[in-house]
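Observations on the three-dimensional arrangement
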Amino acid sequence: MLVAPSILSADFGNLKSEIEDICESGCDLVHVDVMDGHFVPNLTIGPMVVNSVAKSSTKPLDIHLMVENNSFFIDLFADIKPRYISFHIEEEKHPHRVIQKIRDLGISPAVALNPHTRPEEIEFLIESLDMVLLMSVNPGFGGQRFIPSVLEKIERVKDMVDRRNPSCLIEVDGGVNDKNISALKRAGVDIVVAGSYIFSNSDYKKAISSLR
Ligand code: DX5
Ligand code: ZN
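Below you will find a few notes about this structure. (Residues numbered from 1 in each chain as written. Chains lettered and ligands numbered in written order. Predicted model: local features only at pLDDT ≥ 70, side-chain atom pairs only at ≥ 80, totals over all residues. Heavy atoms only, no water.)

Thoughts on the nonpolar core
Formed by 61 residues in total, the largest nonpolar core has its most connected members in Ile7, Val30, Val32, Leu65, Val111, Ile154 and Ile198. It is helix H5 (residues 150–164) that provides the largest number of residues to this core, a total of five residues. Dropping the residues within four chain positions of it, isoleucine 154 is found in contact with Leu134, Ile170, Val172, Leu184, Ala187, Gly188 and Val189. Among the nonpolar cores identified, the runner-up in size contains seven residues, and Ala4, Ala110, Met131 and Val193 belong to it. (Core = buried A, V, L, I, M, F, W, Y, C linked by side-chain atoms within 4.5 Å. Buried < 20%, exposed > 50% of the residue type's maximum accessible area, 1.4 Å probe, protein only. Helix = DSSP H or I, 4+ residues; strand = E, 2+ residues; numbered from the N terminus. Contact = heavy atoms within 4.5 Å.)

Written out as structure tokens, the structure is:
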């Protein structure tokens, strides 16, 4: 299981040392939540801060866009060269075009689905994706409770991935902890995002290895 701490729950007053700590604690990716106050009722960080995060990080960045106007934001973050950029399917009329735009920038494209969004929405996109991000809370905030019906959705997406693009990874984001991690693994998840579970633990290394 790959582990991507979400820095949304980090201490933003000490962001540099927080990033260094999670990287030294053995995370695989650093998950960065970009919110615009329109697609979700919260506002986070833009390219200046994400650039500083990238400089402090020894691990690749996983940028999760929760915004309107995906193309505009992709251009803003392109120079930072994250490993992944994910955008929400609920917010995009032309997903193939956006996926190709991300790939042309040398970044791995991923599509995110809100907890209620049907897996069929991405059935004809899976061939062109490197990752599917399944939200297990409604996006916007850290520290929310995991929505259990997502487990069934993970199994359905896993089946689609196996049939159409076995190299496409499945990432789950929201309410992940040491209680639900085994069920997530059994359902077919490759990468978990965890914010409050890791950052509320005084020992990041222990929290990350307990998930792994
Ligand atoms: C929510 C974000 C998540 C969030 C996860 O909109 O996409 O990445 O930080 O936080 P926890 O793990 O606390 O649910
Ligand atoms: Zn996220």
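After that view, the rundown keeps rolling.
Examining helix H4 (residues 95–104)
Within H4 the residues assigned to the buried category are Pro95, Val98, Ile99 and Ile102. Take H4 and look down its axis: the buried residues cluster within an arc of 100°, on one side only. Facing away from the buried side of H4 by more than 90 degrees, the exposed set consists of Arg97 and Asp104. Where H4 is buried, its residues contact helix H3 (70–77), strand E4 (84–88) and strand E5 (108–113). Where H4 ends, the next residue or the one after it, glycine 106, has phi of about 80°, a positive value. (Arc of directions from axis to C-beta.)

Considerations on the coordination of the zinc ion (ligand 2)
With distances of 2.0 to 2.3 Å, the protein atoms coordinating the zinc ion (ligand 2) are His31 (NE2), Asp33 (OD), His64 (ND1) and Asp173 (OD). For the zinc ion (ligand 2), the six donor atoms are set out with angles of 70 to 171° between them, so the coordination reads as octahedral. Going along the chain, you hit the donors of the zinc ion (ligand 2) in the pattern H-x1-D-x30-H-x108-D. Of the two residues, histidine 64 is situated in strand E3 (residues 61–66) and aspartate 173 in strand E7 (residues 169–173); the sequence distance between them amounts to 109 residues. (Donors = N, O, S within 2.8 Å, 3.2 Å for Na, K, Ca; no water. Tetrahedral: all angles 85-135°; square planar, octahedral: opposite > 155°, others 65-115°.)

Some remarks on the side chain of aspartate 62
Topologically, aspartate 62 is positioned in strand E3. Summary of buried charges: aspartate 62 has no salt-bridge partner, and the nearest side chain of opposite charge, arginine 83, is 9.3 Å away. Of note is the side chain of aspartate 62, whose polar atom sits 2.8 Å from the side chain of histidine 31. (Lys, Arg positive; Asp, Glu negative; His and termini not counted. Salt bridge = Lys/Arg side-chain N within 4 Å of Asp/Glu carboxyl O. Polar contact = N/O pair within 3.5 Å; in protein donor to acceptor, adjacent residues only side chain to side chain.)

A look at the packing of helix H1 (residues 15–24) against helix H2 (residues 47–56)
Running from N to C, H1 and H2 cross one another at 40°; their axes reach a closest spacing of 9 Å. As the angle between them shows, H1 and H2 are arranged oblique. Crossing angle aside, the handedness with which H1 passes H2 is right-handed. Of the residues in H2, those in contact with Leu15, Lys16, Ile19 and Glu20 of H1 are Val49, Val53 and Ser56. (Axes fitted to C-alpha atoms, helices over the stretch in contact; angles between N-to-C directions. Parallel < 35°, antiparallel > 145°, perpendicular 65-115°, else oblique. Left-handed = near helix turned anticlockwise from the far one by under 90°.)

With respect to the layout of surface pockets
Rolled over the atoms, a probe sized like a water molecule indicates the empty space that remains. Taken as a whole, the largest pocket encloses approximately 250 Å³ of empty space. Lining the largest pocket are 25 residues, with Gly142, Gly143, Asp173, Gly174 and Gly175 positioned closest to its centre. At the level of elements, strand E2 (30–35), E3, strand E8 (191–194) and helix H7 (196–199) are the ones that each hand at least two residues to the lining of the largest pocket. Counted by class, the lining of the largest pocket contains eleven nonpolar, twelve polar and two charged residues. (1 Å grid on protein atoms, 1.4 Å probe; cavity = no way out; pocket = protein on both sides within 12 Å on 5 of 7 lines; lining within 4 Å. Points joined across faces, edges and corners; volume = space filled by probe spheres on them. Nonpolar A, V, L, I, M, F, W, Y, C, P; charged D, E, K, R; others polar.)

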